[in-house]
Amino acid sequence: KQEVTQIPAALSVPEGENLVLNCSFTDSAIYNLQWFRQDPGKGLTSLLLIQSSQREQTSGRLNASLDKSSGRSTLYIAASQPGDSATYLCAVSSRTGNQFYFGTGTSLTVIP
Amino acid sequence: NAGVTQTPKFQVLKTGQSMTLQCAQDMNHEYMSWYRQDPGMGLRLIHYSVGAGITDQGEVPNGYNVSRSTTEDFPLRLLSAAPSQTSVYFCASSEGELNTQYFGPGTRLTVL
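Cut-offs applied
All residue numbers here refer to positions counted from 1 along the written sequence of the relevant chain. Chains and ligands are labelled sequentially in the order written, the chains with letters from A and the ligands with numbers from 1. Under the rules for a predicted model, residues below a pLDDT of 70 receive no local features and side-chain atom pairs below 80 are neither given nor counted, while totals for whole chains, interfaces and linings still include all residues. Based on all heavy atoms of the structure, the side-chain values leave hydrogens and waters out of the count. Any two cysteine sulfur atoms lying within 2.5 Å of each other are counted as a disulfide. Only DSSP runs of H or I with at least four residues qualify as helices, and only runs of E with at least two residues qualify as strands; both kinds are numbered from the N terminus onward. The classification of residues rests on relative accessible area computed with a 1.4 Å probe and restricted to protein chains. Under 20% of the type maximum is buried, over 50% is exposed, and intermediate values are partly exposed. The salt bridge criterion pairs a side-chain nitrogen of Lys or Arg with a carboxyl oxygen of Asp or Glu, the two atoms within 4 Å.

**Description of the state of the cysteines**
Across all of its chains, the model carries two disulfides over all chains by this definition. There is a disulfide in this structure between Cys23 of chain A and Cys90 of chain A, and the S-S distance comes to 1.9 Å. Here the S-S torsion is close to 70°, and the disulfide linking Cys23 of chain A with Cys90 of chain A is therefore right-handed. Of this pair, Cys23 of chain A sits in strand E3 (residues 19-25) while Cys90 of chain A sits in strand E9 (residues 86-93), and the two are 67 residues apart along the sequence. The residues Cys23 of chain A and Cys90 of chain A share a single accessibility class, namely buried. For Cys23 of chain B, the disulfide goes to Cys91 of chain B, at an S-S distance of 1.8 Å.

Written out as structure tokens, the structure is:
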């Protein structure tokens, strides 16, 4: 069974700092990996989707990378802002692509 | 587009009661799924559907039933509620299994 780990569980940074969130998974036979943002009491919002054939994806100040062979992904957030404060989750697909496994998330606080 | 909608937002049940959590999407997505989110455990897949009339079990299906009679709707039924089913439930949809997932706002369920 796929196991997904996110480290650190919580992170606090001053505004303007660049930061990296980590996601690791145990089974490298995945179809894709997705990063989500979750605000307190809300649903999940998709940030970036990386197909297994891709190495990275970018959207604005966000850049996600994927190293399938080592079972790792990182989410890079540039010039962090207080509005970036949220929990960030990664999810990887199963071998067959029809199930997704989530990490427990990294809770990010950006201090003004 | 309303996206993915879920009702109710909150529900309190007594042990042994049954209920249906509603999920609807207006994006004509084929793939729909149900997750539960518990503290420290991340999101876990309960059931999923790859199209109308087709459903399958996820990681934690026991105690839950689903059906998919239309593309738009994917209700989740709790047959006999137990305190262990106290959780936040999320419905998600996507064009296909390998595409970006869109989540509803969630239903917070408490079973006494």
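From this point, things continue past the structure.
**Here's the deal with the pattern of salt bridges**
Following the criterion strictly, the structure yields six salt bridges over all chains and no others. One salt bridge connects Asp39 of chain A with Arg37 of chain A, and the closest N-O pair in it is separated by 3.0 Å. Look at Arg37 of chain A and you get buried, because its relative accessible area is 17%. Of the charged contacts in the structure, one is a salt bridge between Arg36 of chain B and Asp38 of chain B, with a shortest N-O distance of 2.9 Å. Accessibility expressed as a relative area gives 8% for Arg36 of chain B, which makes it buried. Judged by relative accessible area, Asp38 of chain B falls into the buried class, the value being 10%.

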